[in-house]
Every structure is written in C-alpha cells, then in structure tokens.
Amino acid sequence: MALAGQVTIVTGASTGIGRCIALEVATQHARLCLVGRQLDKLESVAEEVRALGAEAHVFQTELASEPDILKTSQALVDQFGHIDILIHCAGMISQGTVAETPVEVMDELYRVNFRAPYLLTHRLLPFLKHTGQIVFVNSTAGLNAKAGVSQYAASKHALKALADSLRQELSPIGIRVLTVYPARTATPMQEKIFQYEKRAYCPELLLQPERVARSVVHVLTMPRDSEITDLSIRGVTDMSVPHPKEKEIVAKSAAFPDRHPDRHPAHRCWPNPSGKVTDGPLGPDTAVSSSAKLPVA
Ligand SMILES: NC(=O)c1ccc[n+]([C@@H]2O[C@H](COP(=O)([O-])OP(=O)(O)OC[C@H]3O[C@@H](n4cnc5c(N)ncnc54)[C@H](OP(=O)(O)O)[C@@H]3O)[C@@H](O)[C@H]2O)c1
C-alpha cells in the first residue's frame, strides 16, 4: 500500500467526489483528515474510512471564512506536524448569466473555489514533505468556459493557473501537483445542475465519482520517477445534450404530471443495482440498467 500512514487532507470530503476520494485513499490505509462544513456527513464518512482500516479525523471548516481556514490549518499542523498529501476537492457552483448574477455570487465562488485552496496551500506548504503531493479537483469548465457559468468557470480557470504555477515552483523539490478535470459527475452538485437545467437526472449515465477517485489514487500511487500533471476524465455518454433516456422520461412526465420528477424525486431515473431491467418508477419500460460504460478502468 503506497499511501499507508500518509497524512492526507481531503477538502469537500462530506459528499460527492471528495467523499469517494477519501474512501479510495482509505483503502491504502492512509491517515485521513476530512474537511467540510456538514459535521454529521463528515462523521459518517469518517466511520466508513475507519471501517476500511484507515485513520480518520474530522475538521469542520467553512472554507469561505479565512479565520476558519487558519484555525483548521493550525490544528492540522499541531496534530500531525507534517502533511503528505493535500487534496482540494471542495467547491460550489452557481448558474446564471453575467447580466443576471450579482457580483456577491462571484465573490463567494472566488472565496470557496480559489481563495480557500490558495490560502490552505500557502499555510500548509512549509509542512508538506518533499515527497508530498497536491491535488486540485478542477472541472472541464476550468478549461473551456461556456455561457451561464462565468463565475464558476472563472474560479476554476484561476485554480488551473494556481496549480500550473505551483507545479513549476515545487517540482524542483520533488512535490508533485495534479489537476483533475472531471466532466459531469453523478454527485449532489450535478443533481442540482440538472434541476436548474430542467433535465431528468439519470446519474448512471454520468461519470461516477468512484471512477474519479480511483483515477486520482492511481496517479498518487505512481512511482516517483514520473508525474501525471493533468487528468481529464469524462463519461462515455455525451451528457452536454439531453440523452434519449431523459427525453423519454420528460415525455412520460408530461403524460403523467403527478409523476413529474420535480414533484416526486423517487420518479427520477436511478441506477438499478441489479443491472436488470425491472419495473421503473414511471412504468416497466423506464427502468435503467446500471451497465453504463465508464471511461477509466
Ligand atoms: N459533479 C460534477 O459534475 C463535477 C464536475 C467537475 C468538477 N467538479 C468539482 O468537483 C468538486 C466536488 O464537487 P461534487 O460534485 O462532489 O459536489 P458536492 O457533492 O456538492 O460536494 C461539494 C463538497 O464541497 C464542500 N463545500 C462546498 N462549499 C464549502 C464551503 N464553503 N466550505 C467547506 N466545504 C464546502 C461540501 O461540503 P459541506 O457541504 O460539508 O460543506 C462538499 O463536501 C468541486 O470542486 C466541483 O467543482 C464536479
């Protein structure tokens, strides 16, 4: 286990991609420090981490707050003395055009998605081992900005710049810096995006957060003679446009308004763990198989 005993901080560990990364790192028996706001969710992830045989410590932190970040970074240093791996995964999104979105929204996204990783990195760098590694969970929006997400895309572009500069600064002393660019991934954040877009949420058609997590740990455990600097991951199904399965659900929702997904979340299209076609919430022909192909082994 290449990461055994390594002090690993994961921000955004309470849900989604961050939770999956924490669990995947836990399979390596690392010492996990879980950062986020929702204490109950962090505690429950900590239990899952311990069940996998790893150490888990919870640091409840509001990453939009500088005093909170300073308090958490000091507590991390006091408790562990050094850091091996720092994984920035916490993030938030907003949707809306520049014309309709107040600057305060931009400020908040900037604080959480960019300023917080910058400050946490700045505070912890002196304690990062020279075999250390830093991971930034970015987004495809950090490479290509599209209409309606300028605040999010700008904060992620800034995060890319931070990672690229940092890599050049730290490479000579042996610290590796990885940026991950996931496409639409099945997490609570993506579910909200689908709601905003008024699309039927079919998580099994999306990239799975476990795949992202496995790819991150694969890179973290690579021999020290090489480095992967950037990792773009997407699901094989193009979800930038509505999938036929979504159109089918929306059409049925129109025919049966009382079963509309907005009104009855149980009528969304959920993975069918058995992989078999069974009765779905909208009728026998709407069940979906969980055998969606995924890009990363
Ligand atoms: N899902 C996607 O399709 C997708 C695609 C590309 C990139 N990403 C990126 O992947 C990362 C994880 O997103 P996700 O999809 O897993 O979303 P998610 O399920 O909503 O998780 C977001 C995480 O960030 C934490 N967080 C948010 N605001 C915070 C704050 N102010 N202070 C502390 N923690 C905060 C949340 O913790 P608490 O709620 O406990 O505070 C939560 O653990 C984000 O950086 C996102 O931009 C996601």
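Each residue is numbered by its place in its chain's sequence as written, counting from 1. Thresholds applied to this predicted model are a pLDDT of at least 70 for local features of residues and 80 or more for the giving and counting of side-chain atom pairs; totals over whole chains, interfaces and linings are not thresholded and use all residues.

Visitor: Please clarify how the pairing of strand β3 (residues 55–60) should be interpreted in this entry.
Guide: Remark: a regular strand shows side chains that alternate across the two faces of the sheet. Sheet topology note: the strand β2 (residues 31–36)/β3 ladder contains 6 bridges and is parallel. In the strand pairing of β3, Arg31 is matched with Glu55. Viewed along the sheet, the connection from β2 through helix α2 (residues 39–51) into β3 turns out right-handed. At least two bridges found by DSSP between two strands is the condition for calling them paired. Helical segments are the DSSP runs of H or I of at least four residues, strand segments are the runs of E of at least two, and each set is numbered from the N terminus. When the strands point away from the viewer and the connection leading from the first strand across the helix to the second strand turns clockwise, the crossover is called right-handed.

Visitor: Help me out: how do you make sense of the nonpolar core in this one?
Guide: Burial of nonpolar side chains together is a common tendency in soluble globular proteins. Defined on buried residues, the nonpolar core groups Ala, Val, Leu, Ile, Met, Phe, Trp, Tyr and Cys residues joined through C-beta atoms within 7 Å. With C-beta atoms placed from the backbone, a residue counts as buried when 20 or more other C-beta atoms lie within 10 Å of its own, as exposed when 12 or fewer do, and as partly exposed for counts between those limits. In terms of nonpolar packing, the biggest core is built from 69 residues, with Val10, Ile21, Ala22, Leu32, Leu34 and Val49 touching the most fellow members. Broken down by element, this core gets its largest block of residues, 7 residues, from helix α1 (residues 16–26). Contact definition: two residues whose C-beta atoms, as placed from backbone geometry, lie within 7 Å. For Ile21, the contacting residues outside a window of four places in its chain are Val10, Ile87, Cys89, Ala213 and Val216.

Visitor: Sorry, what's going on with the packing of helix α4 (residues 103–124) against helix α5 (residues 150–170) here?
Guide: Helix-helix packing is characterised by the crossing angle of the two axes and by the distance between the axes. Where α4 meets α5, the axes come as close as 8 Å, and the angle between the chain directions of the two elements is 15 degrees. Put simply, α4 runs roughly parallel to α5. By crossing handedness, the relation of α4 to α5 is classed as right-handed. Touching Val105, Met106, Leu109, Tyr110, Asn113, Phe114, Pro117, Tyr118 and Thr121 of α4 are Gln151, Tyr152, Ser155, Lys156, Ala158, Leu159, Leu162 and Leu166, all from α5. As a working rule, the residues Ala, Val, Leu, Ile, Met, Phe, Trp, Tyr, Cys and Pro are called nonpolar, Asp, Glu, Lys and Arg charged, and the rest polar, with Gly in that last group. Residues that form the contact of α4 with α5 fall into these classes: 12 nonpolar, 4 polar and 1 charged. Here the axes come from fitting lines to C-alpha atoms, over the contacting stretch only for helices, and the angles between their N-to-C directions go from 0 to 180 degrees. Small angles under 35 degrees read as roughly parallel and large ones over 145 as roughly antiparallel, with 65 to 115 read as roughly perpendicular and the rest as oblique. Rotating anticlockwise by less than a right angle from the far helix to the near helix defines a left-handed crossing, while the corresponding clockwise rotation defines a right-handed one.

Visitor: It is not clear to me how α1 should be interpreted in this structure. Could you clarify?
Guide: One turn of an α-helix holds 3.6 residues; hence residues three or four places apart share an orientation. Most of α1 sits out of view: 11 of its 11 residues are buried. Along α1, the positions that sit buried rather than exposed are Gly16, Ile17, Gly18, Arg19, Cys20, Ile21, Ala22, Leu23, Glu24, Val25 and Ala26.

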